Amino acid sequence: MTSSRAAVLCMVLVLAGCAKARRSQGERLARTFCAGCHAFPEPALLPKGTWQSGVLPAMAPRLGVSTGSLSSKVSSSPYMTVLAQPLPREDWDKIVAYYLATAPDSLPYQSLPVEPQLDPPFFKTGPFVPRLQSSAIVTLLHADSTHHRIIVGEAGTNVMRVFDWNRRLHSTTKLGSPPTDVIVEDTRMLVLESGILDPNDEPRGSLIELPSGKVLIDSLYRPVFVRRVNFDRDGRSEFLICEYGDNRGRLALYREEGGKFVRHVLDATPGAIRFEIHDLTGDGNPDIVALFAQGDERIVLFENDGTGNFPHERVLARFPPVYGSMHFVMHDFNGDGKLDIVYVNGDNFDYSRVLKPYHGIHILENDGQNNFQERYVYPLYGAAQAVVADFDHDGDPDILAVSNFADLSRHPERGITYLENVGRYQFTPYVFSIAATNQWNVMALADLNGDGRLDALIGAMSLANIAAGQRQFSGQGPELGKDPVLLFENRMH
């Protein structure tokens with residue numbers, strides 16, 4: 001080898017070594033600071049351009065770094081959690097360089113385990129109420145099987161409608177803000193109002209009583225889910241509420257004390273979106289299992305100490321902050337008597353609006369000791385919600401799922417997916433042409449015609465900015481229709 005060639009090779013090796021050292025330095029800083037508040041987001045989860053123009057500028061203010069960009073300024077908030085000691089700018093630049101050097105140029109397209117069949121004959125599909133005038137932003141869909149009523153609430157107009165089982169309109173109520181949940185009682189309804197539906201930190205939400213309009217609980221941070229509970233078994237009213245918020249939020253228990261409801265905060269972080277009540281510890285006391293989105297995405301067990309207090313919590317599953325956690329339900333899928341988790345992720349209304357291959361339906365199996373391991377995944381772009389039921393009456397649980405960020409350009413029919421359980425974590429998938437008419441976000445189940453089979457109601461989430469963003473990132477898709485609620489009539493035998 002000539003001396004000049006040796007010198008060039010030596011220089012190349014030196015430069016490569018320096019680049020590797022910079023990357024390792026950046027990775028070390030990223031794993032220290034970017035994983036300080038949530039699961040570590042691997043660079044491979046997003047394309048290079050999305051890191052550069054979307055996520056990283058939004059994250060900089062949380063580390064105390066001012067980049068001077070518009071995105072950085074917009075992301076900043078007086079309620080944002082920020083490092084007590086700001087990260088030096090040179091360290092931030094190393095983190096950015098690590099992500100940009102390591103991230104892919106684009107994400108792979110989703111690969112389905114089985115090609116879905118189109119329009120199965122065992123569901124008759126159509127509008128719940130044809131030509132219903134609506135904003136098509138359905139934020140509340142509830143089937144009241146006790147009184148044979150369907151309750152539909154929407155944003156935009158802030159209207160809540162009540163229909164009977166035969167789809168006749170019984171009442172229309174104009175609310176102060178978009179309704180997100182309801183508790184139905186014999187003589188009244190308790191309606192959860194969001195206050196401001198868009199991301200915000202204002203305590204404008206409330207729980208109100210209808211028809212009186214009385215405010216039972218106020219000053220809630222964008223509440224999205226409520227249930228009446230009685231953990232301390234004293235007979236007094238208690239409500240457990242998910243306050244999603246934005247930078248501020250909480251999961252809180254509201255107990256009636258002295259004629260008013262007193263707040264007991266179980267978790268003061270934002271993103272509480274749904275919970276279920278089960279005795280997961282086996283001590284005879286009802287525990288809380290809650291899903292948090294918004295940054296530190298996780299499923300948490302709050303253990304009841306027997307007195308209605310929850311001094312111990314345990315993270316059952318944690319996900320990267322770009323996963324977009326949306327929903328979960330608990331069901332025994334393997335017949336061992338232990339509840340497993342169906343986890344749904346697909347929120348794309350954030351800083352990274354690209355089609356993500358890891359969006360979908362995940363079954364996390366319980367080993368009997370409340371340790372959960374992923375056993376099945378069905379990829380579904382923009383997955384928003386799933387309901388579990390034995391739709392085909394064969395003795396095992398099936399899954400019906402919806403998406404509010406489907407691939408409108410290539411596969412808009414996949415916005416509504418039915419997974420027929422054929423045993424041993426194997427599912428036969430079906431999709432529906434009618435899904436192409438909108439984006440879908442909420443569901444409810446009820447036997448509307450009394451034939452012993454569960455029918456499904458599916459509500460739209462036709463946000464113009466989400467739809468425009470979707471068409472921008474996935475190619476020009478179809479314009480979305482305005483039927484706000486679909487009826488899937490179960491005709492299985």
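Residues numbered from 1 in each chain as written. Predicted model: local features only at pLDDT ≥ 70, side-chain atom pairs only at ≥ 80, totals over all residues. Heavy atoms only, no water.

1. Let's talk about the overall build of the chain
This is how the line gets drawn: Helical segments are the DSSP runs of H or I of at least four residues, strand segments are the runs of E of at least two, and each set is numbered from the N terminus. Only protein chains enter the accessibility calculation, which uses a 1.4 Å probe; a residue whose area is less than 20% of its type maximum is buried, one above 50% is exposed, and one in between is partly exposed. Contacts: residue pairs with any heavy atoms within 4.5 Å of one another.
The number of helices and strands found in the chain is 5 helices and 29 strands. Every one of the 493 residues in the chain was classed for burial, and the buried ones make up 54%. Pairs at least 24 apart in sequence give 51% of the contacts found in the chain among residues at least 6 apart.

2. Things to note about the packing of aromatic side chains
Our working rule: When two rings of Phe, Tyr or Trp (its six-membered ring) have centres within 6.5 Å they constitute a pair, described as stacked for plane angles under 30 degrees, edge-to-face for angles over 60, and tilted for the intermediate range. For a lysine, the NZ atom is tested; for an arginine, the CZ atom; a charge sits over a ring if that atom is within 6 Å of the ring centre and within 35 degrees of the ring normal.
By the definition in use, this model includes 23 aromatic pairs. Taken together, a centroid distance of 5.8 Å and an interplanar angle of 85 degrees make the contact between Phe391 and Tyr418 edge-to-face. Highlighted residues: Phe391 in the loop between strand E23 (383-389) and strand E24 (398-403) and Tyr418 in strand E25 (residues 416-423), separated in sequence by 27 residues. There is no split in this pair, since Phe391 and Tyr418 are both buried. Among the aromatic side chains, those forming a connected cluster through ring pairs are Phe122, Phe123, Phe391, Tyr418, Tyr430, Phe432 and Phe488. One cation-aromatic arrangement involves Arg248 over Tyr79; the distance from NZ or CZ to the ring centre is 3.7 Å. Sitting over the face of the ring of Phe328, Arg274 holds its NZ or CZ atom 5.8 Å from the ring centroid.

3. Let's talk about the confidence of the model for the chain
In regions of low pLDDT, the predicted coordinates are not meant to be interpreted in detail. Our working rule: Summary of the metric used: pLDDT quantifies the predictor's per-residue confidence within the range 0 to 100.
When pLDDT is averaged along the chain, the result is 90, and 90% of the positions lie at 70 or above. Note that residues 6-19 has pLDDT below 50 and, in this model, 2 contacts with residues that lie over four places away or in other chains.

4. Topic: the pattern of salt bridges
Side-chain pairs of opposite charge can arise whenever the charged atoms involved come near each other. Keep this limit in mind: A pairing counts as a salt bridge when a side-chain nitrogen of Lys or Arg comes within 4 Å of a carboxyl oxygen of Asp or Glu.
For the structure on display, the rule yields 22 salt bridges. Asp93 is paired through a salt bridge with Arg89; the nearest N and O atoms lie 3.0 Å apart. In this pair, Asp93 and Arg89 both sit in helix H4 (residues 89-102), 4 residues apart, roughly one turn of the helix. Overall, Asp93 belongs to the partly exposed group, its relative accessible area being 38%. Residue Asp407 pairs with Arg410 through a salt bridge whose shortest N-O separation is 3.0 Å. Of the residues examined, Asp407 reaches a relative accessible area of 2% and is grouped as buried. A cluster of three or more residues bridged by salt bridges with shared partners is formed by Glu185, Arg188, Glu209 and Arg228.

5. Quick look at the sheet that holds strand E20 (residues 340-345)
As a reminder, the rule being used: Pairing between strands requires that DSSP locate at least two bridges from one strand to the other. Structural elements are reduced to axes, namely lines fitted to C-alpha atoms, with helices fitted over the stretch in contact, and the angle between N-to-C directions of any two is expressed from 0 to 180 degrees.
Within the open sheet, the 4 strands sit side by side as E19-E20-E21-E22. Their pairing is antiparallel. Pairing within the sheet leaves two strands with one partner each, and these edge strands are strand E19 (325-331) and strand E22 (372-379). Sheet twist, expressed as the mean angle between neighbouring strand axes with direction ignored, is 20 degrees. Pairing geometry for E19 and E20, over 6 bridges, is antiparallel. Across the sheet, Val329 pairs through a bridge with Val342, a residue of E20.

6. Let's talk about the sheet that holds strand E6 (residues 169-174)
With respect to topology, 4 strands assemble into an open sheet ordered E3-E4-E5-E6, the strand pairing being antiparallel. Edge strands, defined here as strands with exactly one partner in the open sheet, are strand E3 (138-144) and E6. Within the sheet, the average angular offset between the axes of one strand and its neighbour, ignoring direction, is 15 degrees.

7. Concerning the layout of surface pockets
Rules: A 1.4 Å probe that fits into a set of points on a 1 Å grid over the protein atoms alone but cannot get out defines a cavity; an open set with protein on both sides within 12 Å along at least five of seven lines defines a pocket, and lining residues are those with an atom within 4 Å of a point. Grid points are joined across faces, edges and corners, and a volume is the space filled by probe spheres set on the points.
In this structure, the second largest pocket encloses a volume near 280 Å³. If you go around the second largest pocket, you meet 17 residues; those closest to its centre are Val215, Leu216, Ile217, Lys260 and Phe261. Looking at the lining of the second largest pocket, the elements that each hand over two or more residues are strand E10 (215-220), strand E13 (250-257) and strand E14 (260-267). No other element matches the 5 residues that E10 contributes to the lining of the second largest pocket.

8. Quick word on the nonpolar core
What counts is decided by this rule: Only buried Ala, Val, Leu, Ile, Met, Phe, Trp, Tyr and Cys residues count toward a nonpolar core, and they belong to the same one when joined by side-chain atoms within 4.5 Å.
Counting 40 residues, the largest nonpolar core has Trp92, Ile95, Tyr99, Val289, Ile299, Ile341 and Tyr343 as the members making the most contacts within it. Elements with a minimum of two residues in this core: helix H1 (3-33), helix H2 (48-59), H4, strand E16 (287-292), strand E17 (297-303), strand E18 (312-319), E19 and E20. It is H4 that contributes the most residues to this core, 4 residues altogether. Not counting chain neighbours up to four residues away, the residues in contact with Tyr343 comprise Leu291, Glu297, Ile299, Phe319, Tyr323, Ser325, His327, Phe328, Gly360, Ile361, His362 and Leu364. With 23 residues, the next largest nonpolar core counts Ala389, Ile416, Phe432 and Ala456 among its residues.

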